[in-house]
Amino acid sequence: MSLKITTNPTSNEINEIYEGLLTHNLNYIQMEQYTPLAVFKEENGQKIGGITGDILGNWLRIRYLWVDKAHRGQNIGTTLLQTMENTAKEKGAKYAEVDTFSFQALPFYQKQGFEIFGTLENYPISDKKYYLRKTL
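The shown structure was predicted, so the numbers you read here are calculated from the model rather than taken from an experiment. (Residues numbered from 1 in each chain as written. Predicted model: local features only at pLDDT ≥ 70, side-chain atom pairs only at ≥ 80, totals over all residues. Heavy atoms only, no water.)

**Description of the nonpolar core**
Reasoning step 1: Counting 21 residues, the largest nonpolar core has Ile51, Leu60, Ile62, Met84, Tyr109, Phe114 and Leu132 as the members making the most contacts within it.
Reasoning step 2: Put simply, the parts of the chain that give this core at least two residues each are strand 1 (34-43), strand 2 (46-56), strand 3 (59-67), helix 2 (76-90), strand 4 (95-101), helix 3 (106-111) and strand 6 (129-135).
Reasoning step 3: Element by element, the count of residues in this core is highest for helix 2, at five residues.
Reasoning step 4: Among all residues touching leucine 60, those that are not within four sequence positions of it are Leu37, Asp54, Ile55, Met84, Glu85, Ala88, Ala93, Tyr95, Ala96, Glu97 and Leu136. (Core = buried A, V, L, I, M, F, W, Y, C linked by side-chain atoms within 4.5 Å. Buried < 20%, exposed > 50% of the residue type's maximum accessible area, 1.4 Å probe, protein only. Helix = DSSP H or I, 4+ residues; strand = E, 2+ residues; numbered from the N terminus. Contact = heavy atoms within 4.5 Å.)

Have a look at this one:
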């Protein structure tokens, strides 16, 4: 038995760990409870925004929300988020969760009805990371 330390793990090494954890988790969570979900906004065949996440049981987990800088301030983020939430509700989700940095979108999510339930101070160095949730 040995330890391998690396700051450059391969995708195969990462996948081995993921698969091991997934195998364990499947004793408690059925894959039928998991649904990937994404909504994209396109203009002339180019993505100008999108939101990705998944539904796990009763929860919508928002992973990434992005709107191209040139298109911000046009309610695209709100439309993407509301579309994702509505789709998740149709698929049985009752709650939503997201995390964001202090330099990202905290006021946006709060305006959409999310509430902070946890904060990491000095993350990654001098900012904050917020964990938010809401009832759909």
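**What about the pattern of salt bridges?**
Reasoning step 1: In total, this model carries seven salt bridges according to the counting rule given.
Reasoning step 2: Across the salt bridge formed by aspartate 54 and arginine 61, the nearest N and O atoms sit 2.6 Å from each other.
Reasoning step 3: Owing to a relative accessible area of 3%, aspartate 54 belongs among the buried residues under this scheme.
Reasoning step 4: Using a relative accessible area of 22% as the deciding quantity, one classes arginine 61 as partly exposed.
Reasoning step 5: Two residues, arginine 63 and aspartate 54, come together in a salt bridge whose shortest N-O distance is 3.4 Å.
Reasoning step 6: Accessibility expressed as a relative area gives 45% for arginine 63, which makes it partly exposed.
Reasoning step 7: Among the charged side chains, a network of salt bridges with common partners joins Asp54, Arg61 and Arg63. (Salt bridge = Lys/Arg side-chain N within 4 Å of Asp/Glu carboxyl O.)

**A look at the UniProt feature "domain: N-acetyltransferase" (unreviewed entry) in the chain**
Reasoning step 1: Per the UniProt record, the feature "domain: N-acetyltransferase" (unreviewed entry) sits at residues 1-136.
Reasoning step 2: Helix makes up 26% of residues 1-136 and strand 37%. Its end C-alpha atoms lie 48 Å apart. (UniProt positions renumbered as here; feature names shortened; annotations may be inferred.)

**Notes on helix 2**
Reasoning step 1: Here helix 2 spans 21 Å end to end across 15 residues, near enough to the 21 Å set by a 1.5 Å rise per residue.
Reasoning step 2: Residues of helix 2 that are buried include every one of Ile76, Gly77, Thr78, Leu80, Leu81, Met84, Glu85 and Ala88, and no others.
Reasoning step 3: Considering only its buried residues, helix 2 is in contact with strand 1, strand 2, strand 3, helix 3 and strand 6.
Reasoning step 4: One or two residues past the end of helix 2 sits glycine 92, with phi positive at roughly 105°. (Expected span 1.5 Å × (residues − 1).)

**Section: the packing of aromatic side chains**
Reasoning step 1: Applying the stated rule across the entire model yields six aromatic pairs.
Reasoning step 2: Ring centres 5.6 Å apart and planes at 75° place the aromatic pair tyrosine 109 and phenylalanine 114 in the edge-to-face group.
Reasoning step 3: Through pairs of rings, three or more aromatic residues link up here, namely Phe101, Phe103 and Tyr123. (Phe/Tyr/Trp six-rings, centres within 6.5 Å; stacked < 30°, edge-to-face > 60°.)

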